[in-house]
Every structure is written in C-alpha cells, then in structure tokens.
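Each chain, letter by letter, is given below.
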Amino acid sequence: MYGSNIPEPDWYVLRDLVLAALHGAVLPSVPEHLVNHPVVQSIKAGRASAAARDLVPAHPEQAYQVLAKS
C-alpha cells in the first residue's frame, strides 16, 4: 500500500504500531512474522517517524497524515 509493497493486512498492523509509537502509547503486540520487519526495528530504535515514511514511501512528507486517515 502507498508504494510500500507490504501486504495489506500486515500494512495495517504496522500502521497501528507506528501510530501508537508516534503518540507515545503502549505498543500493541507484534505478530511473530513481523518481529524482524524493518518498520518494527525502526520503532524499537526510537525512529517512529522513519518507520512512518517507510510505510508510505509514495508520500514521505505526508506519511503521518496518510497513516492517520487510513
């Protein structure tokens, strides 16, 4: 979705993780098959903004807005 080439169900899981991290909320549990995904690793490293851009590479400057509205 949005140029990320991540399957839609996984994209929505990752979106929820990124939004939680951006808002300082408790992160939802990460499905086992996504634990080592680069987006998850960015979140764990404290780079939630970078993770957002990774999920929305087609619109990196509006990544947060795209995630919040999807």
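Up top you'll find the structure we're talking about.
What you see as residue numbers is a count from 1 along each chain, following the sequence as written. Totals for whole chains, interfaces and linings use every residue, but because this is a predicted model, local features are given only for residues with pLDDT of at least 70 and side-chain atom pairs only at 80 or more, for both listing and counting. With hydrogens and water set aside, each side-chain value is computed from the structure's full complement of heavy atoms.

Participant: For this particular structure, what's the right way to read the overall build of the chain?
Facilitator: From N to C terminus, the chain includes four helices and zero strands. N-terminal to C-terminal, the α/β element order of the chain is α-α-α-α. Against the compact-globule benchmark of 11 Å for 70 residues, the chain has a radius of gyration of 11 Å, which places it among compact chains. When the backbone C-alpha atoms are referred to their principal axes, the chain occupies close to 25 × 25 × 20 Å. Relative accessibility thresholds used throughout: buried, under 20% of the residue-type maximum; exposed, over 50%; partly exposed, between the two (1.4 Å probe, protein chains only). Looking at the chain as a whole, 36% of its 70 residues qualify as buried. A sequence separation of at least 24 residues applies to 50% of the contacts in the chain between residues at least 6 apart. Working definition of accessibility: Shrake-Rupley area with a 1.4 Å probe, residue cover restricted to the visible protein chains. With an accessible surface of roughly 4100 Å², the chain has 53% of that area assigned to carbon and sulfur atoms. Charge-centre separation for the chain: the mean point of 5 positive side chains lies 7 Å from the mean point of 6 negative side chains. In this text, helices come from DSSP runs of H or I with a minimum length of four residues, and strands from runs of E with a minimum of two, each type numbered from the N-terminal end. For a compact globule the rule gives 2.2 Å times the number of residues to the power 0.38, and the radius of gyration it is set against comes from C-alpha atoms. The contact criterion used throughout is that any non-hydrogen atoms of two residues lie within 4.5 Å. Charged residues are defined narrowly, with Lys and Arg counted positive, Asp and Glu counted negative, and His plus the chain ends left uncounted. The location of each charge is read from NZ of Lys, CZ of Arg, CG of Asp or CD of Glu.

Participant: Looking at this structure, how should I read the pattern of salt bridges?
Facilitator: Oppositely charged side chains are able to pair whenever their charged atoms sit close together. Each reported salt bridge corresponds to a side-chain nitrogen of Lys or Arg within 4 Å of a carboxyl oxygen of Asp or Glu. Under the counting rule described, the total for this entry stands at one salt bridge. Among the salt bridges present, the one from Arg-15 reaches Asp-16, with a minimum N-O distance of 2.8 Å. The exposure class of Arg-15 is buried, given its relative accessible area of 12%.

Participant: Where do I start with the packing of helix α1 (residues 8–22) against helix α3 (residues 48–55) in this structure?
Facilitator: Each pair of packed helices can be described by the angle between their axes along with the distance between the axes. Interaxial distance between α1 and α3 falls to 9 Å at its minimum, and their mutual angle equals 155°. As far as their axial angle goes, α3 and α1 are roughly antiparallel. As for the relative orientation of α1 and α3, their crossing is left-handed in sense. In contact with Trp-11, Leu-14, Arg-15, Val-18, Ala-21 and Leu-22 of α1, α3 contributes Ala-48, Ser-49, Ala-51, Ala-52 and Leu-55. For this scheme, ten residues count as nonpolar: Ala, Val, Leu, Ile, Met, Phe, Trp, Tyr, Cys and Pro. Four count as charged, namely Asp, Glu, Lys and Arg, and the remainder, Gly too, count as polar. Of the residues belonging to the contact of α1 with α3, the class tally is nine nonpolar, one polar and one charged. All axes here are fitted lines through C-alpha atoms, helices being fitted over the stretch that makes contact, and every angle between N-to-C directions spans 0 to 180 degrees. Convention used here: angles under 35 degrees read as roughly parallel, angles over 145 as roughly antiparallel, angles from 65 to 115 as roughly perpendicular, and any remaining angle as oblique. By convention the crossing between two helices is left-handed if the near helix lies anticlockwise of the far one by an angle smaller than a right angle, and right-handed if it lies clockwise.

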